[in-house]
Amino acid sequence: QVQLVESGGGLVQPGGSLRLSCAASGSIFSVNAMGWYRQAPGKQRELVATITSGDNTDYVDDVKGRFTISRDNAKNTVYLQMTSLEPEDTAVYYCNAHIKPFSWFLGEQNYWGQGTQVTVSS
């Protein structure tokens with residue numbers, strides 16, 4: 001019943017901005033660490049940014065100073081504010097979350113969003 005739904009991807013020019021959202025829904029007891037991954041054509045998937053339940057954040061070097069990850073715990077949503085976008089940022093972006101379902105029998109599990117395309121091109 002738990003799912004992550006992403007939105008906010010699209011086509012932008014270099015130097016532009018984009019805000020990605022990922023909302024968790026379903027029978028959720030708690031949402032713990034959340035993050036964003038991306039995969040560009042011909043490249044391996046990489047972890048872009050993470051945020052813990054205590055709002056500790058971490059970023060891959062390539063996006064430091066340009067991207068900001070945040071979360072709204074009341075909405076079970078994680079965001080990725082992307083600024084000063086570069087062509088190298090073009091990729092499919094996937095959100096990820098460690099979620100404890102509202103269940104006596106299931107422990108914390110890892111969930112993925114469906115992916116959203118970000119294209120940076122002039």
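Residues numbered from 1 in each chain as written. Predicted model: local features only at pLDDT ≥ 70, side-chain atom pairs only at ≥ 80, totals over all residues. Heavy atoms only, no water.

(A) View of the packing of aromatic side chains. Within the structure shown, the criterion is met by 1 aromatic pair. When the ring centre of Trp-112 is taken as origin, the NZ or CZ atom of Arg-45, which lies over that ring, is 5.7 Å away. Directly above the ring of Phe-29 sits Lys-100, whose terminal nitrogen or CZ lies 5.7 Å from the centroid. (Phe/Tyr/Trp six-rings, centres within 6.5 Å; stacked < 30°, edge-to-face > 60°. Lys NZ or Arg CZ within 6 Å of the ring centre and 35° of its normal.)

(B) Spatial organisation of the side chain of Ser-21. Take Ser-21: it is sitting in strand β3 (residues 18-25). The exposure class assigned to Ser-21 is buried, which follows from its relative accessible area of 18%. (Helix = DSSP H or I, 4+ residues; strand = E, 2+ residues; numbered from the N terminus. Buried < 20%, exposed > 50% of the residue type's maximum accessible area, 1.4 Å probe, protein only.)

(C) Representation of the state of the cysteines in the model. With the rule as written, the count across this model stands at 1 disulfide. Here Cys-22 is linked by a disulfide to Cys-95, with a sulfur-sulfur distance of 1.9 Å. As the torsion about the S-S bond is roughly 45 degrees, the Cys-22-Cys-95 disulfide counts as right-handed. Here Cys-22 is found in strand β3, whereas its partner Cys-95 is found in strand β9 (residues 91-101), with 73 residues between them in sequence. For the residue pair Cys-22 and Cys-95, the accessibility class agrees, reading buried in each case. (Disulfide = S-S within 2.5 Å.)

(D) Spatial organisation of unusual backbone geometry. In this structure, Asp-55 is a non-glycine residue whose phi angle is positive, near 70 degrees. As for its placement among the helices and strands, Asp-55 is situated in the loop between β5 (46-51) and β6 (57-59). At Ser-84, a position not held by glycine, the phi torsion is positive, near 50 degrees. Note on placement: Ser-84 falls in the loop between β8 (77-82) and β9.

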